[in-house]
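Given next are the chains, with one letter for each unit.
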Amino acid sequence: MSQSYDYDLFVIGGGSGGVRCSRVAAQLGATVGLVEERYLGGTCVNVGCVPKKLLVYGSQIRADLEDAAGFGWSVGEPSFAWKTLIANKDKQIARLNRVYEGLLDGAGVTRYSGRGVLLDRHTIAIGERRVTAETILLATGGWPKVPQIPGRELALTSNEVFALDELPRRVVIVGGGYIAVEFASILNGCGVETTLLYRGSLFLRGFDDDVRTHLAEQMKKRGVDLRFESNPAALERRGAGIAVQLEDRSQIETDAVLFATGRAPLTEGLGLEAAGVETDGRGAIVVDEEFRTNVPNIYAVGDVIGRVQLTPVALAEGMYLARRLFGGGAQRPSYDVIPTAVFSQPSIGTVGLTEQQARERYGEIVIYRSSFTPLKNNLSGRDEKMLMKLVVDRASDRVVGCHMVGPDAGEIVQGLAIAMTCGATKAQFDQTIGIHPTAAEEFVTMRTPVPSG
Ligand code: FAD
Ligand code: NDP
C-alpha cells in the first residue's frame, strides 16, 4: 500500500475487536501495528468473560455438593478458598495474555505497550514515540460507569472484584444488568450474603418478561436477597463496613458494595478532538455501517461504538473491517440474530425477539412455554425449575425468539441460534428429533401453544 506511512493499519486497543482486526489484516498482507496500554486480550480476557466464567464454575460447585447427597454421595463439611480460585484464575489469564502475544507476533503485527493518543488523523503518539498510519482503528472498549452519589469511591466495580484478596462476608450489588446478576450468583455461590438492589420493578430490562420473572424466583430460592424498586442514595464508611443509604431512607449495613451500573465507551485521553473524530451524546464514537468515523481514514469497532457490548460482536466487526479494507471478501455483520447468555445461576440463554418485541413487530404471534422440574432435581431435591419458551410469527410460522433459563442455557441456545439464522419454522422444530433424555429436547417437543389473550 502507501509508502508514506509507517503502517497500512494502526490499531489502538488490544482487546477482542482490535486483536481480531489486526491479525486478520496482517494475514491479508497489510503492515499492521497495535498499541495496548493495560492488558492484551482486553476486557474479555482480563476482567470480563473469561475470568467471570472461571468464577462461575468455581461458585457453582457449592450447589453441586448440595445436590450430591440425593445421588448417594456424602461429602464432609465443604470449605472454600477464594485465594486459590483467584490465584488459579490469574495463572490462566497470564497464559492467555501470552497466547495473544504469540498470535499477534505470529501474524506479523508489531506490538507496542503504552497509551495510544491521536495527534492528527494519521499520527499516533505512544509516549515519546510517533507512528503514522494510512488507516487507524479505534478499538478502546469501555469502562464501568458509577453513579454520582456521595461515597461512590467506597464501592467496587467489576474491574476490582476479580482481584479481591478476601471475600467480604456481605455484599450489596447495585444494578440489574448482566454483571449485577452474574456477580450476585457468583458471590452468593461462594457463600457471601448477597443483596442485589435494582432501581426498576424487575431486573434484566430488555430480556423476555417470563425469563426475568423466572430467574428472579430461582435466584431468590438460591438465597440472593433481590430488592427491586430500590436504589442507593449514598455510601458511608461505618467501622470496617459500609452503610448503604437507600433513596427511601432505609439503610443496609454491608462489607462491600459493587456497582454494576453499565459501561461507557472509553475515549478519554484518546485525542479524538485532535483528529476531529465525533462522538454521540453517550460518548460513543459515531460510525457508519462500514465502521468508518466522520474522518474517512479512521474506523472504530467494539464497545467503543456503543452498539452491542459483546465479545463475539466485537470480533465480527473487527474481522469484517480487516477483510473489507484488505480484500478478503467481507460480509457485513448482522445484528438481527445475536444469541446471548447471562451466566447467572441458573443461567439464561436467549436469541431473537422477546414476546413483547415480536408482538410489536408481527402483531399475531404464537407462544410455546414450558416450565418443568429437570430430571436431575428429582433426586437432588433441588427446588428449581427450568423455563423454555419459543416465540413464533403466526403468518410465516418462523421461530423469531428462543429463550431459556436453566443449566447450560448458553450451550443449548447457541445451536438454536443457527436454526434461527437459517430462518427455521416451528414446523421444522417439530420435525426435529429430540435427544433423550435431555432438557434441550423440550425445544422440539412443545406442541401446545399458550392460550392467547
Ligand atoms: P475491550 O476488550 O475492552 O478492549 C479494549 C482495549 O483497549 C483494552 O485492553 C484497553 O486497555 C485498551 N485501550 C483503551 N484505550 C487505550 C489507549 N488509548 N491506548 C492503548 N490501549 C487502550 N461479553 C460476552 O460476549 N460474554 C461474556 O460472558 C461477557 N462477560 C463480561 C463480563 C464482564 C465483567 C465485563 C466487564 C464484560 C463482559 N463481556 C462479555 C463484554 C466483553 O468483554 C466486551 O464486549 C468486549 O471485551 C469488547 O471488546 P472491545 O475490543 O471492544 O474492547
Ligand atoms: P447493563 O447495561 O447490562 O446493566 C446496567 C444496569 O445498571 C441496568 O440494570 C441499569 O438499569 C442499571 N443502572 C444504570 N445506571 C444506573 C444508575 N445511575 N443507578 C442505578 N442503576 C443504574 O450493564 P452491565 O454493567 O451489567 O454490563 C455491561 C455490558 O457488558 C452488558 O450490557 C453486556 O453487553 C456486557 N456483558 C455481557 C455479559 C455476557 O455476555 N454474559 C456479562 C457481563 C457483561 P436500567 O435497566 O433501569 O437502565
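Residues numbered from 1 in each chain as written. Chains lettered and ligands numbered in written order. Predicted model: local features only at pLDDT ≥ 70, side-chain atom pairs only at ≥ 80, totals over all residues. Heavy atoms only, no water.

Quick notes on the nonpolar core
Here is step 1 of the chain: In this structure, F10, L137 and L138 are the most contacted members of the largest nonpolar core, which totals 47 residues.
Here is step 2 of the chain: Discounting chain neighbours no more than four positions away, the residues touching L137 are L9, F10, V11, I12, G18, C21, Y299, A300, V301 and L321.
Here is step 3 of the chain: Ranked by size, the runner-up nonpolar core spans 40 residues in total, among them V171, F183, C190 and I348. (Core = buried A, V, L, I, M, F, W, Y, C linked by side-chain atoms within 4.5 Å. Buried < 20%, exposed > 50% of the residue type's maximum accessible area, 1.4 Å probe, protein only. Contact = heavy atoms within 4.5 Å.)

Let's talk about the domain arrangement of the protein
Here is step 1 of the chain: Taken as a whole, the protein is organised into domain 1 (7-144 + 264-326), domain 2 (152-261) and domain 3 (340-444).
Here is step 2 of the chain: Spacing between the C-alpha centres of domain 1 and domain 3 amounts to 31 Å.
Here is step 3 of the chain: With 12 residues of domain 1 at the interface, the matching set in domain 3 holds eight residues.
Here is step 4 of the chain: Summing the contributions of domain 1 and of domain 3, the shared interface buries around 900 Å²; its carbon and sulfur component is 53%.
Here is step 5 of the chain: Counting across the interface, domain 1 meets domain 3 through three salt bridges.
Here is step 6 of the chain: Note that R382 is salt-bridged to D67, the shortest N-O span being 3.0 Å.
Here is step 7 of the chain: Inspection of the domain 1/domain 3 interface yields four residue pairs in polar contact (both at pLDDT 80 or more).
Here is step 8 of the chain: The class makeup of the residues in the side of domain 1 that touches domain 3 is four nonpolar, three polar and five charged. (Domains from an automatic or database assignment. Buried area = accessible area lost by both parts, 1.4 Å probe. Salt bridge = Lys/Arg side-chain N within 4 Å of Asp/Glu carboxyl O. Polar contact = N/O pair within 3.5 Å; in protein donor to acceptor, adjacent residues only side chain to side chain. Nonpolar A, V, L, I, M, F, W, Y, C, P; charged D, E, K, R; others polar.)

Digging into the sheet that holds strand β12 (residues 241-246)
Each strand in a sheet pairs with its neighbour through backbone hydrogen bonds, running either in the same direction (parallel) or in the opposite one (antiparallel).
Here is step 1 of the chain: Across the sheet, which stays open at both edges, the three strands sit in the order β11-β12-β13 with antiparallel pairing between neighbours. Here the strands that pair on one side only, and so sit at the sheet edges, are β11 (232-238) and β13 (251-254). Taking each pair of neighbouring strands and ignoring which way they run, the sheet shows an average axis angle of 20 degrees. (Pairing = 2+ DSSP bridges. Helix = DSSP H or I, 4+ residues; strand = E, 2+ residues; numbered from the N terminus. Axes fitted to C-alpha atoms, helices over the stretch in contact; angles between N-to-C directions.)

Things to note about the packing of aromatic side chains
Here is step 1 of the chain: All told, the structure shown has eight aromatic pairs when counted by the stated rule.
Here is step 2 of the chain: Note on Y7 and Y112: the rings are 6.3 Å apart at their centroids and 85 degrees apart in plane angle, and the pair reads as edge-to-face. Of this pair, Y7 sits in strand β1 (residues 7-12) while Y112 sits in strand β3 (residues 110-113); the two residues are 105 residues apart in sequence, bridging distant segments of the chain.
Here is step 3 of the chain: An aromatic cluster of three or more residues is present, and its members are Y7, F10 and Y112.
Here is step 4 of the chain: Lying over the aromatic face of Y368, K426 brings its terminal NZ or CZ to 4.1 Å of the ring centre. (Phe/Tyr/Trp six-rings, centres within 6.5 Å; stacked < 30°, edge-to-face > 60°. Lys NZ or Arg CZ within 6 Å of the ring centre and 35° of its normal.)

As for the site of ligand 1
Here is step 1 of the chain: Near ligand 1, the surroundings consist of 37 residues, among which E36, R38, T43, K52 and D303 are the closest.
Here is step 2 of the chain: Between ligand 1 and G17 there is a distance of 2.8 Å, counted from an oxygen atom to a backbone nitrogen or oxygen.
Here is step 3 of the chain: One nitrogen or oxygen atom from the main chain of C44 is found 3.5 Å from an oxygen atom belonging to ligand 1.
Here is step 4 of the chain: Those elements giving two or more residues to the shell around ligand 1 turn out to be α1 (16-27), β2 (32-36), α2 (42-47), α3 (49-68) and α9 (311-326).
Here is step 5 of the chain: The greatest single-element share of the shell around ligand 1, amounting to four residues, is contributed by α2. (Near = heavy atom within 4 Å.)

Some words on the pairing of β1
Here is step 1 of the chain: Across the six residues that make up β1, a large majority, six, are buried.
Here is step 2 of the chain: Of the strand pairs in this sheet, β1 and strand β6 (residues 129-138) are connected by five bridges, and their pairing is parallel. Each residue of the ladder has a partner; that of Y7, found in β6, is A133.
Here is step 3 of the chain: Handedness of the crossover joining β1 and β2 through α1: right-handed. (Right-handed = clockwise from strand over helix to strand, strands pointing away.)

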